Amino acid sequence: MKYTKMLPLLAFCLLLSACTSYEKLYEAGSYDQVVQKLSPRICSGHIRTHQVNLVAKSFHKANQADHERIIALKESGKPDAWPEIYQRYVSMKGRNDALGCFPENIKQGIGYTPLHLDDELSAARNKAESYLVAKSELLLNSGNKSDAKEADKLIGQLSRTNPQNKHLQNLRIKSMLHQAEHALLRFENPYHIPVPQDFAATVLQFDANELEKANCPIDVTKQRRTDYDLLVRIKLLNKSWTPERLDAVTFEEKNNGKTAKVTDQTQSKSMTIKGQIEYYDIKNDHIRIFVPFEVTSNFKHNFATIEGDREACSEQTLLLLNEKELPFPNENSLLLDTAKELNNIMAKELTR
C-alpha cells in the first residue's frame, strides 16, 4: 500500500525533472531541441502553459537569430555563404512545420504566423549546390591530397543539401581516387562468362601518362604490393546477343517512264555486356560506390538490289547499290568491340 501512495510523488518528480531539462535546454540556447521535444506533446493535447510559453520563446528567438544571420550572409555577397543560408531556411521551415499542428487558439496566443519559404528554400538550395559543386571541383583538380579531403567535406554537405544532385556520384568517385595513395584496377569475371582470351587486357589497356596527368593513383600493371588502399573492380556479370538478321523491304521507283523494283536490305547483329564498377575501400573493408554499366556493340549494314532499269533509281538507292552483303562478325569480334568501349568508359571514369 505504501508503494501505491508513492506513485503520485514519483510522477510529480518525473514531471518536475522533465520541466527542468526543458528549461536547461532553453537556457543553453538549444531552442530547436525545445521545439522538437515539446511540440509533439502540445499537438497531441498535452497542453501545459509553462511548456507552451517555452516553445513560443524558443520558436521566436531561433527564427529571429536565423533571420538576422541570413540577412548578414546575403549582404556579405560571398558565394560560400549559400550552404549556411540554405540550412538556416531549412531550420526555419522545420520549426514552422513543428508548430503547424497547434490548436488555433494557442497559435494566436503565441503569435505564430505560418512562414511560406518554398521560393527562398529553392533559390538558396540551387545556389548552395552550385557553390559546393564548383568548389569541390576546384579542390579536386589541385592534385593535392589535403585539398581532396577538404573537398570530401563539401561533398558531404552537397549530399545533405540534395542527395539527388547529378554531380554527386562523380565527385565522390573523383574524391576517392584523389585521396588514395595506391589503387589497383582489376577485371573480374565471377560467373566465368565465355569471352575472348584478350578481353580483359583490352578492357585494362590504359595510357599510363594520361592517368598520371589526371593525378590518378591507379596501378594497372598487376604488381604485387601490400599497401593498396583502394581496389577498383570491373565486374562482368552478364552477356546477351541478338542473332544474325537480314531484313528486307521491297518497293518500286520510277523516273522518266523507267521502273525498277528495289529491295532494301539490312543486316544486323548485336552483343551486350552488363556489369558494375566497384570502388572497394580496402582499409575499411567495404564497397563505397558501385556503378552499373551496359555496353552494346552493334553491327548494322545496309545494301540494295534491283530488278529493272537502274536509271529509275533515286540517288539514295544508287548509293546502296554500291554496297554488297557482308559476312556477319563472329561473337568474339563483337565482344572485343564491347571491351574497347568499356575501356573508353573506364578511361573517362579514372581521368575525370
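Residues numbered from 1 in each chain as written. Predicted model: local features only at pLDDT ≥ 70, side-chain atom pairs only at ≥ 80, totals over all residues. Heavy atoms only, no water.

Describing the pairing of strand S5 (residues 286-308)
- Bridge count for strand S4 (residues 258-281) against S5 is 22 bridges, and the pairing is antiparallel. The residue of S5 that forms the bridge with Lys 261 is Glu 307.
- Hairpin geometry of S4 and S5 is characterised by an intervening segment of four residues between the two adjacent antiparallel strands and by a positive phi of about 55° at Asp 285. (Pairing = 2+ DSSP bridges. Helix = DSSP H or I, 4+ residues; strand = E, 2+ residues; numbered from the N terminus.)

Structural notes on the packing of aromatic side chains
- Scanning the model with the defined rule gives four aromatic pairs in all.
- Between Phe 59 and Tyr 112, the ring centres sit 5.7 Å apart and the planes meet at 45°, which makes this aromatic pair tilted. Placement of the pair is Phe 59 in helix H3 (residues 49-76) and Tyr 112 in the loop between helix H5 (104-110) and helix H6 (118-140), with a sequence separation of 53 residues. Both residues of the pair, Phe 59 and Tyr 112, belong to the buried class.
- Note that Lys 57 overlies the ring of Tyr 26, its terminal NZ or CZ placed 4.8 Å from the centroid.
- If you follow Arg 233 out to its NZ or CZ, it ends over the ring of Tyr 280, 4.7 Å from the centre. (Phe/Tyr/Trp six-rings, centres within 6.5 Å; stacked < 30°, edge-to-face > 60°. Buried < 20%, exposed > 50% of the residue type's maximum accessible area, 1.4 Å probe, protein only. Lys NZ or Arg CZ within 6 Å of the ring centre and 35° of its normal.)

Some points on the layout of surface pockets
- Reported here for the largest pocket is a volume of approximately 270 Å³.
- Along its surface, the largest pocket is lined by 13 residues, and Met 176, Gln 179, Ala 180, Asp 229 and Arg 288 are the ones closest to its centre.
- Broken down by secondary-structure element, the contributors of at least two residues to the lining of the largest pocket are helix H7 (145-161) and helix H8 (168-179).
- If you tally residues by element for the lining of the largest pocket, the top one is H7, at three residues. (1 Å grid on protein atoms, 1.4 Å probe; cavity = no way out; pocket = protein on both sides within 12 Å on 5 of 7 lines; lining within 4 Å. Points joined across faces, edges and corners; volume = space filled by probe spheres on them.)

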